[in-house]
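As a plain string of letters, each chain reads:
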Amino acid sequence: MYEGAVQDLIDELGRLPGIGPKSAQRIAFHLLAADGADVRRLTDALTEVKLRVQFCEVCGNVAESERCRICVDPRRGDDVICVVEEPKDVVAIERTREFRGRYHVLGGAINPLDNVGPDDLRISELMTRLADGAVTEVIIATDPNVEGEATATYLSRLIGPMGLTVSRLASGLPVGGDLEYADEVTLGRAFEGRRVVGS
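Residues numbered from 1 in each chain as written. Predicted model: local features only at pLDDT ≥ 70, side-chain atom pairs only at ≥ 80, totals over all residues. Heavy atoms only, no water.

Caption draft 1: Broad picture of the sheet that holds strand β5 (residues 137–140). One open sheet accounts for four strands, arranged β4-β3-β5-β6; its pairing is parallel. Because the sheet does not close on itself, it has two edges, and the strands there are β4 (102–105) and β6 (165–168). Across the sheet, the mean angle separating the axes of adjacent strands is 25° when strand polarity is ignored. Sheet topology places β5 next to β6; four bridges connect them, and they run parallel. Bridge pairing links I139 to S167 in β6. The strands that helix α5 (residues 123–130) touches are β3 (80–84), β4 and β5; relative to β4, the one it contacts most, it runs at about 150°. Strands β3, β5 and β6 of the sheet are contacted by helix α6 (residues 146–159), whose axis makes an angle of about 170° with β6. (Pairing = 2+ DSSP bridges. Helix = DSSP H or I, 4+ residues; strand = E, 2+ residues; numbered from the N terminus. Axes fitted to C-alpha atoms, helices over the stretch in contact; angles between N-to-C directions. Contact = heavy atoms within 4.5 Å.)

Caption draft 2: Structural view of the pattern of salt bridges. In total, this model carries nine salt bridges according to the counting rule given. A salt bridge links E48 to R52, with the shortest nitrogen-to-oxygen separation between them at 3.4 Å. Here R52 and E48 lie together in helix α3 (residues 36–52), a separation of four residues that amounts to about one turn. Residue E48 is classed as partly exposed on the basis of its relative accessible area, which comes to 35%. On the basis of relative accessibility, which here comes to 43%, the residue R52 falls in the partly exposed class. Two residues, R52 and E64, come together in a salt bridge whose shortest N-O distance is 2.5 Å. (Salt bridge = Lys/Arg side-chain N within 4 Å of Asp/Glu carboxyl O. Buried < 20%, exposed > 50% of the residue type's maximum accessible area, 1.4 Å probe, protein only.)

Below is the structure:
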């Protein structure tokens, strides 16, 4: 334990996701040793992001105006919406350059242990977007874990009766992986998602 401002900094850093006590202490001492200009740039960046960045009124992605760059892009298709949990998932999918439709960010996943239910997510906003009839397919790209699967199941049951195509991202073996190291769930998914190979 340290005194005063140093301990306060360690405590605040420790509240960040993925930062444990040792990492918080290491970052705090790095900042103490850093040049004053470097620390000012960091504090300026933190202040700016809180002042300028908001969530897109349409899809929930991060934006510096009312709508994000994807929602204002006229080259994107309006007939397919890819549903993701967090804005970082949009970035991951965009890196593939495979998807040219629109997104909808839920803001998390259903997780009863953390008291996160459907009403805590942007599901009603999604249903409003689907009501106008422009969308023909919804791709559910939630994480392949218990919470993501629960969210995907909930959404598919909710959207199914609307007559839209509901698909889920395939999951299975990673490229470069070895079968002997794959867990049973991953291997099972790989079998379910198998496809015919052309001759």
